[in-house]
Amino acid sequence: MENPAIAALFDEMADLLELDGALVFRVRAYRNAARVIRDVGSPLRELVETDPKQLTELPGIGKDLAGKIQETVTTGDFADHRDLRAKFPPGLLELLRIQGLGPKRVKQLYDELHLASPDDLRAAIAQGRLVELRGFGQRSVEKLQEQLEKAGATAERRFLLADAEQWATALLKYLGAEKRLRVEAAGSYRRRRETVADLDILVAAEPGEAAGDAVTRFVRYPEIQEVLAQGETKASVRLRGGPQVDLRVVSPEEHGAALMYFTGSKQHNIELRKIAQAKDLKLSEYGLFRGERRVAGATEEEVYAELGLDWIPPELREARGEIELAARHALPDLVTLDHIQGELHAHTNATDGKASLEEMVDGARKLGYRYLAITDHSKRVTMALGLDERRLREQWAQIDELNARLDGFTVLKSIELDILDHGELDLPDDVLAEADYVVASLHYGASKREADNTKRLVTAALHPHVDAIGHPTGQLLGRRDPYPLDFDELVAACVDTGCLLELNGSPERMDLPDHLAAAAAARGVRFVCSTDAHAVSHLDAMRYAVSIARRAGLTKSQVANAGSLAQLRKELKHRSPYRPTQ
Ligand code: DGT
Ligand code: CA
Ligand code: CA
Ligand code: ZN
């Protein structure tokens, strides 16, 4: 079992324990374990195979939980979880997955009104029975009703790109171990969409025996829960706790055309086929044909070239104008992960991060960065022990000391500044004036009214000391929709003042969404790619931020932290020269 599935199981265990009225510390142990499992950089499956004793070295994982991880990795579940799950009606777990319904509320609905499924809940709302409950006001019932409708409408489950990546990487490694097979992932995963419904894997092999072997090897993958379909050159399976995977085997001379077809997007394919038709050609997953003759097919490059197009990076294949650019040889030279020279959004254990300042610096250096901004929360974020002026200055003094010792690396004195109710900022101007970099974010009190949120963000963007707006839409994929916002107005404020917009690569944020980033870029806004790391391992999420940037068509020069520190300082809105110690 892959880490995201193990983590989901442990989270579900925590939910079930809460429903069961278990002691808080037991619930917390599983919750913590789930988070730790999500944050481990490498598959626990491999650790269990090689050295299971090491599991107890993970933070908060004792012998007992280690045993459960081991049991889950080998059997796909653990006994305590199975038993507890059997205690409750299955519909209760569906209730838990509805936005806005945590275990506490589900327990209340179950205990007091005997509601055990989304259907029960729907009926109870219709009968007006919910308003009698403590804590369920008119407004929250309305919200719940909206979420119920949405949960019914979206039957398709989508996986976060970062989770899909774990399943894809493991499977590609397994298939690729067979040297004769050339294996690639296609579909939305290759296009680096923020979420992925299923994985599409393409194998190039000589027809006949080799193709058959590829399918056989695929359906024997140990992580498979169920084989859904199997033929000579294709198969579909579902992975344990994970996505469906479609496999296609094609011959080497079709490989490029097939890769294009299965990479999509569907709309991109449709536009390409029109171009082919206009040239009296026929494009399919088997190749590009003039009559019966294949004129291209072995590589993507040759197919695009025969269509009169430059090769188009997969991230751009969304039919948003990339084909016209490819025809004019005017595709942007997309920013890459290698271009990124520093991290500008990271937390430490001074607030809600897990690692110390030194550990975060160490992590950033290991990635080859030249600078790191420590952006802990400001005081409004009481839950995370946000920093007030005094504690912030203490941290900055520590940073000065650290910088005096560091060679070839700079820690920036920064803050993730909360945007308060009417756009006021959470710290006084004289403090902000001393910061090297300020990212302002909205965490509390997002309104149903577009004008309120817009005013708050615009006011912050116009402020002379705010360099960037953090996670601008506030979305949490699958959990919280973006708040209503007049994005054009925010863009206008950023254009006026040079305020950057963040592309937050934290896997469940992926905020800005790529299409909004593209729209802002068209008007001249610049960006920062960041991870919002709350642990050292989170710093690795930069590749997802870069994926957003690439999908938005951004070049190196449009991303502020794709340049040197000197360049960054020159371009930042508040250009106060850097003052080292004292
Ligand atoms: P998703 O929903 O995250 O899995 O997104 P995709 O893009 O991976 O969609 P999927 O798995 O249904 O199909 C993979 C690719 O196959 C898709 O990007 C384009 C191609 N494809 C699938 N169905 C069609 C179709 O009906 N027409 C064309 N032209 N292409 C298709
Ligand atoms: Ca797919
Ligand atoms: Ca598919
Ligand atoms: Zn934040």
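Every value quoted in this text rests on a predicted model; they were computed, and no experiment measured them. (Residues numbered from 1 in each chain as written. Chains lettered and ligands numbered in written order. Predicted model: local features only at pLDDT ≥ 70, side-chain atom pairs only at ≥ 80, totals over all residues. Heavy atoms only, no water.)

Student: An account of the coordination of the calcium ion (ligand 3) is requested, with residue identities and associated values reported.
Tutor: The protein atoms that coordinate the calcium ion (ligand 3) are Asp 198 (OD), Asp 198 (OD), Asp 200 (OD) and Asp 246 (OD), at distances spanning 2.3 to 2.8 Å. When the donors of the calcium ion (ligand 3) are listed by position in the chain, the intervening gaps give D-x1-D-x45-D. If you look at the calcium ion (ligand 3) and the calcium ion (ligand 2), they sit 3.8 Å from each other and are both ligated by Asp 198. With Asp 200 in strand β4 (residues 198-204) and Asp 246 in strand β7 (residues 244-250), the pair connects residues that are 46 residues apart, well separated along the chain. (Donors = N, O, S within 2.8 Å, 3.2 Å for Na, K, Ca; no water. Helix = DSSP H or I, 4+ residues; strand = E, 2+ residues; numbered from the N terminus.)

Student: An account of the domain arrangement of the protein chain is requested, with residue identities and associated values reported.
Tutor: The domain boundaries assigned to the protein chain delineate domain 1 (3-153), domain 2 (159-327) and domain 3 (340-570). Its C-alpha centre places domain 1 at a distance of 35 Å from the equivalent point of domain 2. With 9 residues of domain 1 in contact, the opposing surface of domain 2 contributes 8 residues. In this assembly, domain 1 packs against domain 2 so that about 620 Å² is buried in total across both faces, 49% of it on carbon and sulfur atoms. It is Pro 4, Ala 5 and Arg 45 in domain 1 that bury the most area against domain 2; as a group they hold 60% of the surface buried on that side. The interface formed by domain 1 and domain 2 contains 1 salt bridge. (Domains from an automatic or database assignment. Contact = heavy atoms within 4.5 Å. Buried area = accessible area lost by both parts, 1.4 Å probe. Salt bridge = Lys/Arg side-chain N within 4 Å of Asp/Glu carboxyl O.)

Student: Explain the packing of aromatic side chains residue by residue, including any values.
Tutor: A complete count under the given rule lists 7 aromatic pairs for this structure. Their ring planes at 50° and their centres at 5.7 Å tell us that Phe 10 and Tyr 30 sit as a pair that is tilted. With Phe 10 in helix α1 (residues 3-19) and Tyr 30 in helix α2 (residues 24-39), this residue pair connects regions lying 20 residues apart in the sequence. Accessibility classification places Phe 10 together with Tyr 30 in one group, the buried group. Seen from their ring centres, Phe 88 and Tyr 110 are 6.3 Å apart, and the 65° between their planes marks the pair as edge-to-face. Taken as a pair, Phe 88 in the loop between α5 (79-87) and α6 (91-96) and Tyr 110 in helix α7 (residues 103-113) lie far apart in primary sequence, 22 residues in all. The partly exposed category is assigned to Tyr 110, whose relative accessible area is 26%. The ring of Tyr 189 is capped by Arg 192, whose NZ or CZ atom sits 5.8 Å from the centre of that ring. Its guanidinium or amino end placed over the ring of Tyr 444, Arg 380 lies 3.8 Å from that ring's centre, counting from NZ or CZ. (Phe/Tyr/Trp six-rings, centres within 6.5 Å; stacked < 30°, edge-to-face > 60°. Buried < 20%, exposed > 50% of the residue type's maximum accessible area, 1.4 Å probe, protein only. Lys NZ or Arg CZ within 6 Å of the ring centre and 35° of its normal.)

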